[in-house]
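Given next are the chains, with one letter for each unit.
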Amino acid sequence: MARTFDARKSDFPDIFDDFLAEPRGAVDDVAETVSQVIKDVRAKGGEAVADYTAKFDGLTLDPTTLQSDNVDLHRLGHACPDDLKEAIDFAAARIAAYHERQRPEDHQFTDDAGVQLGWRWTSLDSVGVYVPGGLASYPSSVLMNAVPAKIAGVDRVVMVAPAPRGQLAPAVAYAALKAGVDEYYPVGGAQAVAALAFGAGRLKPVDKIVGPGNAYVAEAKRQVFGKVGIDTIAGPSEILVIADETANPAWIAADLLSQSEHDASSQSILITTSEAVAKSVEEAVESQLKTLATEQRARIAWDTHGAFIIASDLAQAADIANQIAAEHLELAIEDPEALLPHIKHAGAVFLGHYTPEALGDYVTGSNHVLPTSRAARFSSGLGLYDFLKRMSVQKAGPKGFAALAPAALRLAEAEGLPAHARSVSIRTNEG
């Protein structure tokens, strides 16, 4: 059963800090295991990737092409039901429209010294998209990662997604084709991340790897960072709901369970100013759990990591929400817009009773790849910026150089860098 915390009591801060510090989704020796996989892929390339794929997914790959005759993206995509194709098309269009509005502009100006300054935005050349497999298929993850990359202008989008025993969901295949994925390899796990980072067989290295995965995928992304860019180190899913007396307990229960069913390590928390609301939601959660096909993992997540927090008022609820910095935050209250300015830290915010987090997972257009494990304190969800780079640009003529040179020369001398100093002074009569 989920735990209950009373934020009105003096011991709440210490007790709740301990709760937030509890590990979720930890795997023993994951770093050592992943390190060995990466070493194998770097040393043996496609041969190692094929061996690991045969071992973990029961799929035989050609070590050179990293392809299998049993997995054909176009054939699988064609098998996707028409109504599901329509839903994917609808979601893809909204995701594209949302991210297109994020496009930044180049800028240039001339300052008082006569120096021209500015910046230019350019897209990455290549991106690897990791799409999870296993417990479920995620066409939405394909869209959320690949569509913004293509909108940004990335030339080469490479998707990796495990196809255990040759099985890949037709919806995932169709979403990949819809999103404009350029290459697909039926590979998963740490070996897929290593192949994207260092290359294997005909798979050439990419510049950045995005997309969620299990603990081994997350650790692999951590270890290859620096060789390639990454979006984030994704942890277990999270949802935080702030609810008042106007909330429907059955709706809130469904929203909490929408994240609990992802994984046994997921976390769902309700903050409310009403003990009656908390009790009603608790009863609704227990009732709805019994109806879920995903009950087993949802119940483990709810009983182990779920929580109710009774706050004195909505202002305190906002303060606690900022401390949690959850991946998803729902404001299921009468006036969510009034509370929004008090929210500083959350991956994505959902306002009002008719904006469940599940809409954001699929069709609002906002990206569902979001910071977890309190990383919303210092990072943002995936967006167009993740597939772009900003280059600074500057130009000084004789007048601008004359205005800047004395200070540059003095700083170079102070730092003990004579070649720096000479590169300035040589352009003057002082050199």
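Our structure's up above, just so we're on the same page.
This is a predicted model, so every value here is computed, not measured. (Residues numbered from 1 in each chain as written. Predicted model: local features only at pLDDT ≥ 70, side-chain atom pairs only at ≥ 80, totals over all residues. Heavy atoms only, no water.)

A closer look at the environment of Asp 112
Take Asp 112: it is sitting in the loop between β2 (107-110) and β3 (116-123). Taking the C-alpha atoms as reference points, Asp 112 and Gln 102, ten residues apart in sequence, are found 31 Å from one another. (Helix = DSSP H or I, 4+ residues; strand = E, 2+ residues; numbered from the N terminus.)

So, the pattern of salt bridges
Applying the stated criterion across every chain yields a total of 14 salt bridges. The closest approach of N and O atoms between Arg 103 and Glu 100, which form a salt bridge, is 2.8 Å. Of the residues examined, Arg 103 reaches a relative accessible area of 36% and is grouped as partly exposed. A salt bridge links Asp 231 to Lys 221; its shortest N-O distance comes to 2.6 Å. Taken together, the residues span a long stretch of sequence, with Asp 231 in the loop between β8 (229-230) and β9 (238-243) and Lys 221 in helix α9 (residues 215-224) at a distance of ten residues. For the pair shown, Asp 231 and Lys 221 are each scored as buried. (Salt bridge = Lys/Arg side-chain N within 4 Å of Asp/Glu carboxyl O. Buried < 20%, exposed > 50% of the residue type's maximum accessible area, 1.4 Å probe, protein only.)

A short note on the layout of surface pockets
Considered as a void within the structure, the second largest pocket measures approximately 200 Å³ in volume. If you trace the second largest pocket, you find 13 residues lining it, with Tyr 98, Gln 102, Ser 366, Gly 381 and Leu 382 closest to the centre. Counted by class, the lining of the second largest pocket contains five nonpolar, seven polar and one charged residues. (1 Å grid on protein atoms, 1.4 Å probe; cavity = no way out; pocket = protein on both sides within 12 Å on 5 of 7 lines; lining within 4 Å. Points joined across faces, edges and corners; volume = space filled by probe spheres on them. Nonpolar A, V, L, I, M, F, W, Y, C, P; charged D, E, K, R; others polar.)

Looking at the sheet that holds β9
The strand order across the open sheet formed by six strands is β1-β11-β10-β9-β12-β13, and the pairing between neighbours is parallel. Edge positions in the open sheet fall to β1 (3-6) and β13 (348-351), since each of these has one partner strand only. Ignoring which end each strand starts from, the neighbouring axes of this sheet average 15° apart. With four bridges joining them, β9 and strand β12 (residues 328-332) adopt parallel strand pairing. Residue pairing across strands places Val 241 opposite Glu 330, the latter belonging to β12. Docked against the sheet, helix α1 (residues 12-21) engages β1, β10 (267-272) and β11 (307-310), running at close to 150° with respect to β1. Its contacts with the sheet put helix α12 (residues 295-305) on β1, β10 and β11, and the angle it makes with β10 is roughly 50°. (Pairing = 2+ DSSP bridges. Axes fitted to C-alpha atoms, helices over the stretch in contact; angles between N-to-C directions. Contact = heavy atoms within 4.5 Å.)

Quick look at the nonpolar core
With 73 residues, the main nonpolar core has Leu 143, Met 159, Leu 168, Tyr 184, Ile 209 and Phe 387 as its most contacted residues. Contact partners of Leu 143, with chain neighbours within four places excluded, come to Ile 88, Ala 91, Ala 92, Ile 95, Pro 148, Ala 175 and Ala 179. Counting 25 residues, the second-largest nonpolar core is a separate cluster that includes Ala 317, Ile 324, Leu 329 and Leu 331. (Core = buried A, V, L, I, M, F, W, Y, C linked by side-chain atoms within 4.5 Å.)

Focus: the side chain of Thr 122
When you line up the elements, Thr 122 lands in strand β3. Here Thr 122 falls in the buried class, since its relative accessible area comes to 18%. Among residues more than four places away in sequence, those in contact with Thr 122 are Phe 387, Leu 388, Lys 389 and Met 391.

Quick look at the packing of aromatic side chains
Inspection of every chain in the model, using the stated rule, returns eight aromatic pairs. With a centroid separation of 5.5 Å and an interplanar angle of 65°, the aromatic rings of Trp 121 and Tyr 385 are classed as edge-to-face. Placement of the pair is Trp 121 in strand β3 and Tyr 385 in the loop between α15 (357-362) and β14 (388-395), with a sequence separation of 264 residues. Centre to centre, the rings of Trp 251 and Tyr 354 are 5.2 Å apart; their planes meet at 70°, and the pair counts as edge-to-face. One end of the pair, Trp 251, is in helix α10 (residues 249-260); the other, Tyr 354, is in the loop between β13 and α15, and 103 residues separate them in sequence. On the accessibility criterion, Trp 251 (38% relative accessible area) is partly exposed. Taking relative accessible area as the criterion, Tyr 354 reaches 69% and is therefore assigned exposed. Each member of the aromatic cluster is reached from another via a ring pair, and the members are Phe 5, Phe 12, Phe 16 and Phe 19. (Phe/Tyr/Trp six-rings, centres within 6.5 Å; stacked < 30°, edge-to-face > 60°.)

Notes on helix α16 (residues 398-414)
An α-helical turn contains 3.6 residues, so any two residues separated by three or four positions project in the same direction. Here α16 spans 24 Å end to end across 17 residues, near enough to the 24 Å set by a 1.5 Å rise per residue. When α16 is considered as a whole, its buried residues turn out to be Gly 400, Ala 405, Leu 409 and Ala 412. Summarising the contacts, the buried residues of α16 are in contact with α17 (418-425). Just beyond α16, the residue with positive phi is Gly 416, at close to 70°. (Expected span 1.5 Å × (residues − 1).)

Regarding the sheet that holds β2
Pairing is antiparallel across the open sheet formed by three strands, whose spatial order is β2-β3-β14. Each having just a single partner strand, β2 and β14 make up the two edges of the open sheet. In this sheet, neighbouring strand axes are inclined to one another by 15° on average, regardless of whether the strands run parallel or antiparallel. Note: β2 against β3, four bridges, orientation antiparallel. Directly across from Gln 108, in β3, lies its bridge partner Gly 118.

Topic: the pairing of β10
Extensive coverage of β10 is indicated by the burial of six of its six residues. What you see with β10 is no split at all: Gln 267, Ile 269 and Ile 271 on one side and Ser 268, Leu 270 and Thr 272 on the other are buried throughout. As paired strands, β9 and β10 are joined by six bridges and run parallel to one another. Of the residues in β10, the one forming a bridge with Leu 240 is Ile 269. The β-α-β motif built from β9, the intervening α10 and the parallel element β10 has right-handed crossover chirality. Where β10 meets β11, four bridges bridge the pair, whose relative direction is parallel. Residue pairing in the sheet places Thr 272 in a bridge with Ile 310 of β11. (Right-handed = clockwise from strand over helix to strand, strands pointing away.)

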